[in-house]
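Each chain is listed here by its residues.
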Amino acid sequence: MEPDRDAIPPDAENEDRRFFLKQSMFIAGLSMAPADFLQAALAPDDGPVGNAVKVKLSLTVNGKRKRITIDPRMTLLDLLRENLGLTGTKKGCDFGQCGACTVHVDGRRTLSCLTFAVMQHGAKITTIEGLSDGEKLHPLQEAFIKHDGFQCGYCTPGQIMSGVACIREGCAGSAGEVREYMSGNLCRCGAYPNIVDAILEVKKEGLKV
């Protein structure tokens, strides 16, 4: 029996599906981008790549209004670290796989290394620096210290930001539920059990997060 020459190989179908998903995400992203960003992206390429048309951006970071002019290609992570000096948010893998860059955008956790800063025009951003109330630590920060939820500390800001979101979103009902929610935040030191204990304690005590 001769093979069906018209059959589409599975690899080709998967490749077409991936292309369709990437294209759909790109189009959806453009629909939310500020007009200045679109104009910069569609402008004729008359100069070197390094001279992108700057765009104006307004957003609230840790309760303070910021109005800045940036390169439209800048990520939210680089904006926070390089432009605003908020280095508590860490750059780990830079591919959205380790969770070290986690922040809150309008109350929801976001991987800032995968987010264009211009897409957050008008948004409210909270970083690890914005969790504490002056000298008073956030309840989850205190719980991390109590349960020794860190060793080297590099992943800790992202772990805490995700842990706060875990509790707020009602995903801290059990150790298994917490582990599932926190699976996108990696810890090379292996402090996972202590991190889970810290989150569960804050949830159990009903502390405001």
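As annotated in an unreviewed UniProt entry, the protein chain is Xanthine dehydrogenase YagT iron-sulfur-binding subunit from Dyadobacter soli.

## Some remarks on the overall build of the protein chain
A tally of helices and strands in the protein chain yields 7 helices and 5 strands. Put simply, the protein chain runs from its N terminus to its C terminus through helices and strands in the order α-α-β-β-α-β-β-β-α-α-α-α. Counting every atom, the protein chain has about 12800 Å² of accessible surface; 54% of that belongs to carbon and sulfur.

## Side note on the pattern of salt bridges
Counted under the stated rule, the structure contains 3 salt bridges. As a salt-bridge pair, Asp78 and Lys91 come within 2.8 Å of each other at their nearest N and O atoms. Placement of Asp78 in helix α3 (residues 76-83) and of Lys91 in the loop between α3 and β3 (102-105) is noted, with a sequence separation of 13 residues between them.

## Considerations on the environment of His121
Residue position: His121 is located in the loop between β4 (108-111) and β5 (124-126). For His121, a relative accessible area of 47% gives the class partly exposed. C-alpha separation for the pair His121 and Lys56, spaced 65 residues apart in sequence, amounts to 8.9 Å. A polar side-chain atom of His121 sits 3.2 Å from the main-chain amide nitrogen of Ser58.

## What to know about the environment of Asn194
Locating Asn194 in the fold gives a position in helix α7 (residues 192-205). Separated by 50 residues in sequence, Asn194 and Phe144 have C-alpha atoms that sit 7.7 Å apart. Filtering out sequence-adjacent residues up to four positions away, Asn194 remains in contact with His147, Asp148 and Gly149.

## What about the side chain of Asp71?
Looking at where Asp71 falls in the secondary structure, it is placed in the loop between β2 (64-70) and α3. Residue class for Asp71 comes out buried when judged on its relative accessible area of 16%. A polar atom in the side chain of Asp71 sits 2.6 Å from the side chain of Arg73. For Asp71, the contacting residues outside a window of four places in its chain are Ala52 and Lys54.

## A closer look at the environment of Asp78
Since its relative accessible area comes to 21%, Asp78 is described here as partly exposed. The sequence separation of Asp78 and Phe116 amounts to 38 residues, and the corresponding C-alpha distance is 9.4 Å. Other than its neighbours up to four places away in sequence, Asp78 contacts Asn83 and Lys91.

## Structural notes on the sheet that holds β3
With mixed pairing, the 5 strands of this open sheet are ordered in space as β2-β1-β5-β3-β4. The outermost strands of the open sheet, each flanked by one partner alone, are β2 and β4. Pairs of neighbouring strands in the sheet enclose a mean axial angle of 40°, with direction left out of account. Relative to β4, β3 runs antiparallel, the two sharing 4 bridges. Counted as the bridge partner of Val105 is Arg108 from β4. Where helix α5 (residues 156-168) meets the sheet, it contacts β3, β4 and β5, and its direction lies at approximately 45° from that of β3.

What counts and how
- Residues numbered from 1 in each chain as written.
- Predicted model: local features only at pLDDT ≥ 70, side-chain atom pairs only at ≥ 80, totals over all residues.
- Heavy atoms only, no water.
- Helix = DSSP H or I, 4+ residues; strand = E, 2+ residues; numbered from the N terminus.
- Areas by Shrake-Rupley, 256 points an atom, 1.4 Å probe, with all protein chains shown as cover.
- Salt bridge = Lys/Arg side-chain N within 4 Å of Asp/Glu carboxyl O.
- Buried < 20%, exposed > 50% of the residue type's maximum accessible area, 1.4 Å probe, protein only.
- Polar contact = N/O pair within 3.5 Å; in protein donor to acceptor, adjacent residues only side chain to side chain.
- Contact = heavy atoms within 4.5 Å.
- Pairing = 2+ DSSP bridges.
- Axes fitted to C-alpha atoms, helices over the stretch in contact; angles between N-to-C directions.

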